[in-house]
Structures are given as structure tokens and as C-alpha cells.
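# Residue-level structure breakdown
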Amino acid sequence: MRYDIIKENTDGVRQMGIKIMSYNTQHCLNYITKEIDFDLIADTIIRSGADIIGLQEMRGEGPKTDYTAQTQILAEKTGFHFYFAKAIMVGGKNPYGNAILSRYPIISAETVSIPDPKFRKLRIHKYAYESRCLLKAEIDVCGGLNVIVSHFGLNPEEQKNAVKTVISNLSDNRCVLMGDFNMEPDNKILRPVRDVLSDTADKFDCPKLSYPSDKPTVKIDYIFTSKDLNVTSADIPSIVSSDHRPHIAEIEL
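Every value quoted in this text rests on a predicted model; they were computed, and no experiment measured them.

Okay, the overall build of the protein next. When helices and strands are counted, the protein shows four helices and 13 strands. What you see for the protein is a C-alpha radius of gyration of 18 Å, in line with the 18 Å of a compact globule of 253 residues. With the C-alpha coordinates aligned to their principal axes, the bounding extent of the protein is approximately 60 × 40 × 35 Å. Looking at the 253 residues of the protein, the share that counts as buried comes to 51%. In the protein, the proportion of contacts linking residues at least 24 apart, taken out of those at least 6 apart, comes to 69%. A total of about 12,100 Å² of accessible surface is found on the protein, and carbon and sulfur atoms cover 47% of it. Positive and negative side-chain charges in the protein, numbering 31 and 34 respectively, have mean positions lying 7 Å apart.

We now examine the environment of Lys-215. With respect to the helices and strands, the residue Lys-215 is situated in the loop between β10 (197–199) and β11 (221–226). Sequence separation of Lys-215 and Leu-74 is 141 residues, and the distance between their C-alpha atoms is 26 Å.

Scanning the model with the defined rule gives four aromatic pairs in all. Ring centres 4.1 Å apart and planes at 10 degrees place the aromatic pair Phe-152 and Phe-181 in the stacked group. With Phe-152 in the loop between β8 (145–151) and α3 (156–169) and Phe-181 in the loop between β9 (175–180) and α4 (191–196), this residue pair connects regions lying 29 residues apart in the sequence. Look at Phe-152 and you get buried, because its relative accessible area is 0%.

One pass over the full model with this rule turns up 10 salt bridges. Arg-103 is the salt-bridge partner of Asp-51, the closest N and O atoms lying 2.7 Å from each other. Remark: Arg-103 occurs in the loop between β5 (94–102) and β6 (106–114) and Asp-51 occurs in the loop between α1 (38–48) and β3 (52–59); sequence separation between them is 52 residues. Residue classification places Asp-51 among the buried positions, given a relative accessible area of 0%. We note a salt bridge from Lys-208 to Asp-235, for which the minimum N-O separation is 3.0 Å. Linking Lys-208 in the loop between β10 and β11 with Asp-235 in strand β12 (residues 230–235), this pair joins segments that are 27 residues apart in sequence.

Helical geometry: 3.6 residues make up each α-helical turn, so side chains three or four residues apart lie on a common side. Within α1, the full set of buried residues consists of Phe-38, Ile-41, Ala-42, Thr-44, Ile-45 and Ser-48. Within α1, the buried residues cover an arc of 155 degrees as seen down the axis, which keeps them to one side. Away from the buried face of α1 by more than 90 degrees, exposed residues Asp-39 and Arg-47 are located. Looking at the buried side of α1, the elements it contacts are β2 (14–24), β3, α2 (70–78), β5 and β13 (247–252). Positive phi shows up at Gly-49, right after α1, with a value of about 75 degrees.

With nine of its 11 residues buried, β2 lies for the most part within the structure. The pairing of β2 with β13 spans six bridges and is classified as antiparallel. Bridge assignment links Gly-17 to a residue of β13, and that residue is Glu-252. Sheet topology places β2 next to β3; five bridges connect them, and they run parallel. Note on β3: the bridge partner recorded for Met-21 is Ile-53.

What counts, and where the lines are drawn
Residues numbered from 1 in each chain as written. Predicted model: local features only at pLDDT ≥ 70, side-chain atom pairs only at ≥ 80, totals over all residues. Heavy atoms only, no water. Helix = DSSP H or I, 4+ residues; strand = E, 2+ residues; numbered from the N terminus. Rg over C-alpha atoms; globule rule 2.2 N^0.38 Å. Buried < 20%, exposed > 50% of the residue type's maximum accessible area, 1.4 Å probe, protein only. Contact = heavy atoms within 4.5 Å. Areas by Shrake-Rupley, 256 points an atom, 1.4 Å probe, with all protein chains shown as cover. Lys, Arg positive; Asp, Glu negative; His and termini not counted. Charge placed at Lys NZ, Arg CZ, Asp CG, Glu CD. Phe/Tyr/Trp six-rings, centres within 6.5 Å; stacked < 30°, edge-to-face > 60°. Salt bridge = Lys/Arg side-chain N within 4 Å of Asp/Glu carboxyl O. Arc of directions from axis to C-beta. Pairing = 2+ DSSP bridges.

This is the structure:
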């Protein structure tokens, strides 16, 4: 337990600050060199001071030489607990999906599939799709924190399915939802999420964009919290390591 961030509020209740990060790593690819760079990604995580990190576009171990146990490698470099949630098998054999790193023990974790869209005429849609998933975990900190990590698709139909799946898997309290949702903040598809959760971006000191990391033009990365959690700050720092900038928020438990 990090006693340096425990304090008492005016009622004498002890509160603990937790830093959350959502980070699309593009399978740990260095945005500048275009090579897999575990040290750079791990250093970005460590320097952020984040306690719980939701990762998107992570590879698992497969027969292709560049499909390694990426989450475990980052966990070893950061000293964190981890869980990898497979969304698809690339080429039928190589795992790809979301992951979580946590400074605190992971009580439970599971992979929840997002239903694929049912297109009558796939050719009329601008974007193709791939199967997606939620990573759903409970973290052993201050009585428990529920975390959902996801990476939504580009197609509106799969985005709608993702939102429905999120809503049906949310906990009533002490819940964090984060990920790359491939939608800008004013997208109507996000309304059901906004109806029940708070957007940590409300704590930004000015508008922040997240993609691409060198010269961002859009915000498509998010951290939402249940309304019982107190968000003290949020930021998208100007970091160029992956192709996305990390989204960070601090909450109190």
C-alpha cells in the first residue's frame, strides 16, 4: 500500500489516491522507430506513476515470432500484476486483445466477448469489423475496484454492440471504464455510457486530444468512472511513445 498518498478528509475518513491510465500501445510499437520496444512502453508506464493501466492492441504468444507474451513482459518490467484478454486470433493462431496491469493484486478477471454486428449488406458499410471484447477485473485495493478495459471497433454497428455490452457489465459502484473507443466525445453512440458514468475529461484544464501522438487531431481515448468515485485530476500528457497518447486520471477511494 502506498501510504504517501493516503490522507484524511474533513470528516476524518481515510482516502487513498489511485492513478488510472488507459493506453493503446499499438502492440508495443515505438511510434518513431516502428519497432517493438518494450522498454519504451514500460518506461512510459513507470514514469506516469499509474497504479492501474488498461492496455489496448496487445499481442499474446503465438507461432509468429513477433507474437510474444507482451503483457507478461511489461508486467515483469514494471513489477505489476497482469491479465491478458484475447479478442481475436490473428491468422487463426496469434492472440490479440486487451490487457490490464495493476500495482495491486487482481482478485478476479475475465474476458467478455462483444457480439459481432449482423450486416445484411456488409459492402454498404464504410468500415469492416473484427471481433472485440471487454476485459473485466476486480482489483484488491481499498475494498475493491471494478475495472473494464476495451477497444471498440470503427464500425458504428459494432460500437453500438460494445456500448450495450459495457452497460450490461458495469458494476453499480466503484467502477472504472477505460479504453480506445474510436469515437469522438460528441458521438451519440456514447450517450448511454455518459448517462450512467462520469467522464474524467471534465477535469482537463483545457481540451486534450489523444491521436496520433505526435500531432493529435482527435480524442478517442477515455476513462469513465462511476458517480460515487471522486476524480481529482485528469490529463493526456504530450508523450510520443505509442501512436496514441496515454489518458490518465486520479481518483480517490
